[in-house]
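Here are the chains, one letter per residue:
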Amino acid sequence: MEDRMQQEQASPAVHKRVQDSFDLQGLMSHLGARLAHIGPGRVHIVLPARPEVTQQHGYVHAGATSAIADSAGGYAALTLFDEDCEVLTVEYKINLLAPAAGDHLEAIGTVLKPGRTLTVCRLEVYGVQADGAQKLVANGQQTLIRVNRPTA
């Protein structure tokens, strides 16, 4: 089932809605992050390792690692919501398992339990080497709330 979820793509309308929302996020733009996969209940975000996102030892900073994990989970939930809904993080817990090293990081948000009000997601962040080797550097869990899209 995990392999199928990884390959399944969101509909063009959902893909556009998620991409448009992601493009409005100043932090993701500032970090240099990009969406790599948008599927039903599953989103991948890639963050290139650059000096601007590192801490004093040269690893990607925990703040950047956590930010892409949070966004990946939020957008995974958004893929399952109606067009007139948005998502906000209620809480998340992240465990930093290893130094965030590699050519880039890839955060994967996966919906574990969708709900009418609250949705729970699994968060994973991998350090990916130039040769494609991956190492899990962070994992966590997140609770999100579905809210109505604000009117202009």
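Quick look at the structure, then. All residue numbers here refer to positions counted from 1 along the written sequence of the relevant chain. The predicted origin of the model limits local features to residues at a pLDDT of at least 70 and limits the giving and counting of side-chain atom pairs to 80 or more, whereas totals for whole chains, interfaces and linings rest on all residues. For side-chain calculations, the full set of non-hydrogen atoms in the structure is used, while hydrogens and water are omitted.

### Regarding the pattern of salt bridges
The cut-off we apply is this: Every case where a carboxyl oxygen of Asp or Glu lies within 4 Å of a side-chain nitrogen of Lys or Arg is listed as a salt bridge. Secondary structure elements are taken from DSSP: a helix is a run of H or I of four residues or more, a strand is a run of E of two residues or more, and numbering for both begins at the N terminus. Working definition: with a 1.4 Å probe on protein chains only, accessible area under 20% of the residue-type maximum means buried, over 50% means exposed, and in between means partly exposed.
Summed over the entire model, instances satisfying the criterion amount to 4 salt bridges. In this structure, the salt-bridge partner of K16 is D20, at a minimum N-O distance of 2.6 Å. Placement of both K16 and D20 in helix α2 (residues 12–23) is noted, with a separation of 4 residues, approximately one turn of the helix. Assessed through its relative accessible area of 35%, D20 is described here as partly exposed. A salt bridge links E124 to R122, with the shortest nitrogen-to-oxygen separation between them at 3.7 Å. Accessibility expressed as a relative area gives 14% for E124, which makes it buried.

### A short note on the sheet that holds strand β1 (residues 34–39)
Stated formally: Pairing between strands requires that DSSP locate at least two bridges from one strand to the other. Axis geometry follows a simple rule: fit a line to the C-alpha atoms, using only the stretch in contact for helices, then measure angles between N-to-C directions, giving values from 0 to 180 degrees.
Pairing is antiparallel across the open sheet formed by 6 strands, whose spatial order is β1-β2-β4-β5-β6-β3. Lying at the two open borders of the sheet, with one neighbouring strand each, are β1 and β3 (85–96). The mean inter-strand angle of the sheet, taken between neighbouring strand axes irrespective of direction, is 20 degrees.

### A look at α2
We apply this condition: Multiplying 1.5 Å by the helix residue count minus one yields the expected span of that helix. Think of the arc as the fan of directions from the helix axis to the C-beta atoms. In what follows, residue pairs with any heavy atoms lying within 4.5 Å of each other are defined as contacts.
Taking 1.5 Å as the rise per residue, α2 with 12 residues should run 16 Å; its terminal C-alpha atoms sit 16 Å apart, in good agreement. Three or more residues of α2 are buried, namely V14, R17, V18, S21 and F22. Each buried residue of α2 lies within a common arc of 130 degrees when the element is viewed along its axis, so the set occupies one face. Across α2 from its buried face, at more than 90 degrees, point the exposed residues P12, A13, K16 and D23. Buried residues belonging to α2 abut α3 (26–31), β1, β2 (42–48), α4 (62–78) and β3.

### Focus on the nonpolar core
Definition in use: By nonpolar core we mean a set of buried residues, namely Ala, Val, Leu, Ile, Met, Phe, Trp, Tyr and Cys, connected to one another through side-chain atoms within 4.5 Å.
Ranked by internal contacts, the top residues of the largest apolar core, which has 37 residues, are I45, L47, I68, L105 and V125. Of the residues forming this core, the biggest block, 9 residues, is contributed by α4. Leave out the neighbours within four places in its chain, and L47 touches L31, G32, A33, V53, V60, A64, I68, H104 and L105.

### Overview of the pairing of strand β4 (residues 104–113)
Most of β4 sits inside the fold, with 8 of its 10 residues counted as buried. Of the strand pairs in this sheet, β2 and β4 are connected by 7 bridges, and their pairing is antiparallel. The partner of R42 across the bridge, within β4, is T110. Alignment of β4 against strand β5 (residues 118–128), held across 9 bridges, turns out to be antiparallel. Considered in β5, the bridge of T110 is made with R122.

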